[in-house]
Every structure is written in structure tokens, then in C-alpha cells.
Amino acid sequence: VQELATIQVKAEERQRIGGILPNYFVSYDRDAQPLTAKLKFELGWKSVLDPATFAMVGAMAGMEQVGNAYSGYGRGASGYGKRYGAGLADAAVGTLLTGAALPVVFHQDPRYFYRGTGSVPRRAWYALRTAVIARGDNGKWQPAYANVLGSFGAGAISNVYYPASDRGGAALTMENGLITLAFDGFSNVMQEFVIRRMTPKSRETVGE
């Protein structure tokens, strides 16, 4: 079982949207095996350290620089560097918290499991609810403790390194957590109906 799970993860690590953007936390395998703690962290680190992640964070930091978002960071190269560093911290903390650490603690699978069958409404509802419902390592569906707590936890941790004037306290943390969960639902709908067509099939994917 562990060997098959490793093979499946290696296939997932080659999944890229348009051949460029990483799409690792999605399983298109109809016989997906549960991930070990090691494999959960492997997927997490692989995503965080992917060159595309650094490029996307850099582009976002550039847009924040132009709009003077998080003005406490200031302008110039120093301000851009601080925004870039904060963006990387957001990516690392969010991914490792919801995709590795908490899934290990709660014995849950951090991946989205592509359905691909059934009516459009059923598939859409399935995609939306998987933002708050997760498959456990035992194969049973359960409340997504890892994703929900991780979404709010990542926002709380960001208060450590964002400018004091932009932190907003508990209210902003709650707001950001809810926004993150809503975005997860939207992303899952995109995975179900759009992104699959943009992600080349891997020859190692079982059941395709």
C-alpha cells in the first residue's frame, strides 16, 4: 500500500496546469491510497519550493508594491523585499499547515479527489463541500479539521510578520479565514470542471 501511494504521489508531483503551474494536491486516481506523514510533507515542500511558487509570489509582491499595499513595509527595494518575504511566508505557512502538519495530526488527506462523474449540480456541490469535508486516512469522509483550522491558523500566524498597521487582530483573522475557505471551494469547482482539462495526464496515474 505504501509503495503504491508513493508511486501515485510521484505522478501527482508531475501535474502542472498548462505544463507550468504546480497542481500537486489533486488526485485523479480512482484508487488513491492514503498518504503517509512523510508523503504529506513531501507534497507540501514540493509545492512550496517549486520555482513557479517563487515566481507567483514575486509577481504578487510587485503588484502590492505598485499599489503600496501593506504601506508599513515602505517603498523601494527594501519594501519589495519585505512584501516578497511575507508572501513566501504566507505560501509556506499556509501550504505546510493545511497540506501537511495538520493533516498528519488529524489523520486526514489534504488532496482534492476529482470526481468527474454525475450531474453538474452534484459535482459542483461535491467540489464546494470538500472545502470543509475531507477524506480521512481511513477512507471515510469527515469534517475537514485540518483545512478549516489551518485556514484560520495561517492568518493568525501572519500577524507576526505583517506591519502592525495592517494586522487587524482577531476580526481580520476570522475574515481572512472565511475568505480562504470560500476560495478553496471556488478552486475545487475549478478543479472539477476546468483545471482537469488543463493538466496533462501522467502515465503513472493509476486508473486513467
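Residues numbered from 1 in each chain as written. Predicted model: local features only at pLDDT ≥ 70, side-chain atom pairs only at ≥ 80, totals over all residues. Heavy atoms only, no water.

Student: Can you help me understand the packing of aromatic side chains in this one?
Tutor: Here a ring pair, both rings aromatic, is described through the centre-centre distance and the interplanar angle of the planes. One pass over the structure, following the stated rule, counts 10 aromatic pairs. Between the aromatic rings of Y161 and Y162, the centroid separation amounts to 5.3 Å while the plane-to-plane angle is 35°, which identifies the pairing as tilted. Overall, Y162 belongs to the buried group, its relative accessible area being 9%. Taken together, the ring pairs connect Y70, Y73, Y161 and Y162 into an aromatic cluster. A cation over an aromatic ring shows up here: R135 above the ring of F113, its NZ or CZ 3.8 Å from the ring centre. It is R196 that lies over the ring of Y28; its NZ or CZ is 4.1 Å from the centre. (Phe/Tyr/Trp six-rings, centres within 6.5 Å; stacked < 30°, edge-to-face > 60°. Buried < 20%, exposed > 50% of the residue type's maximum accessible area, 1.4 Å probe, protein only. Lys NZ or Arg CZ within 6 Å of the ring centre and 35° of its normal.)

Student: In this structure, what is going on with helix α3 (residues 51-67)? I would like to understand it.
Tutor: Side chains three or four residues apart in an α-helix point the same way, a direct result of the helix having 3.6 residues per turn. Over its 17 residues, α3 runs 25 Å from end to end, which matches the ideal 24 Å to within 8%, given 1.5 Å per residue. Within the sequence span of α3, burial applies to A52, T53, V57, G58, A61, E64 and Q65. Just downstream of α3 lies N68, where phi reads positive at about 55°. (Helix = DSSP H or I, 4+ residues; strand = E, 2+ residues; numbered from the N terminus. Expected span 1.5 Å × (residues − 1).)

Student: Even after reading the chapter, I still don't get the layout of surface pockets, so can you show me in this structure?
Tutor: Rolled over the atoms, a probe with the dimensions of a water molecule shows which regions are left empty. Roughly 240 Å³ of internal volume is contained in the second largest pocket. Forming the boundary of the second largest pocket are 15 residues, of which Y28, D29, R30, Y114 and R115 lie nearest the centre. Among the residues forming the lining of the second largest pocket, the class breakdown is five nonpolar, three polar and seven charged. (1 Å grid on protein atoms, 1.4 Å probe; cavity = no way out; pocket = protein on both sides within 12 Å on 5 of 7 lines; lining within 4 Å. Points joined across faces, edges and corners; volume = space filled by probe spheres on them. Nonpolar A, V, L, I, M, F, W, Y, C, P; charged D, E, K, R; others polar.)

Student: Looking at this model, I keep getting lost on the environment of M198. Mind explaining?
Tutor: One can find M198 in helix α7 (residues 169-198). Using a relative accessible area of 41% as the deciding quantity, one classes M198 as partly exposed. Along the sequence, M198 and Q15 sit 183 residues apart, while their C-alpha atoms lie 9.8 Å from each other. Apart from residues no more than four positions distant in its own chain, M198 is found in contact with R16, I17, G18 and G19. (Contact = heavy atoms within 4.5 Å.)

Student: I would appreciate a short explanation of the packing of helix α1 (residues 2-12) against helix α2 (residues 37-48) in the present structure.
Tutor: The relative placement of two packed helices is expressed as an angle between their axes plus a distance between the axes. Following both chains from N to C, one finds α1 and α2 inclined at 5°, their axes separated by 11 Å at the closest point. On the basis of their axis angle, the class for α1 and α2 is roughly parallel. Touching A5, T6, V9, K10 and E12 of α1 are L39, E42 and L43, all from α2. Its residues assigned to classes, the contact of α1 with α2 shows four nonpolar, one polar and three charged. (Axes fitted to C-alpha atoms, helices over the stretch in contact; angles between N-to-C directions. Parallel < 35°, antiparallel > 145°, perpendicular 65-115°, else oblique.)

Student: What am I meant to see in the side chain of S27 here?
Tutor: Within the secondary structure, S27 sits in strand β3 (residues 26-27). A distance of 3.3 Å separates the side chain of S27 from the backbone nitrogen of D29, its partner in a polar contact. (Polar contact = N/O pair within 3.5 Å; in protein donor to acceptor, adjacent residues only side chain to side chain.)

Student: Could you clarify how one ought to interpret the confidence of the model for the chain in this entry?
Tutor: Segments scoring low in pLDDT should not have their predicted coordinates read at a detailed level. Counting all residues, the mean pLDDT for the chain is 91, and 95% of those residues have values of 70 or more. The low-confidence segment residues 202-208, where pLDDT is below 50, has 18 contacts with residues more than four positions distant or belonging to other chains. (pLDDT = per-residue confidence, 0-100.)

Student: Explain the nonpolar core here, please?
Tutor: In a soluble, globular protein the nonpolar side chains are often hidden away together inside. Formed by I17, V26, Y28, A32, Y112, F113, Y126, A127 and I195, the largest nonpolar core amounts to nine residues. Sequence-distant contacts of V26, that is, excluding residues within four places in its chain, are made with E12, Q15, R111, Y112 and Q191. Within the second largest apolar cluster, seven residues are counted, among which are V9, Y24, L35 and L43. (Core = buried A, V, L, I, M, F, W, Y, C linked by side-chain atoms within 4.5 Å.)

Student: I keep staring at the packing of helix α4 (residues 76-106) against helix α6 (residues 145-158) and nothing clicks. Help me out?
Tutor: Closest axis-to-axis distance for the α4/α6 pair is 9 Å, and the angle between their directions is 145°. Every pair of crossing elements has a handedness; the one defined by α4 and α6 is right-handed. Contact residues: D90, V93, G94, L97, T98, L102, P103 and F106 in α4; Y145, A146, N147, L149, G150, S151, G153, A154, I157 and S158 in α6. (Left-handed = near helix turned anticlockwise from the far one by under 90°.)

Student: Even after reading the chapter, I still don't get the side chain of Q33, so can you show me in this structure?
Tutor: Turning to its location among the elements, Q33 is positioned in the loop between β3 and α2. Using a relative accessible area of 14% as the deciding quantity, one classes Q33 as buried.

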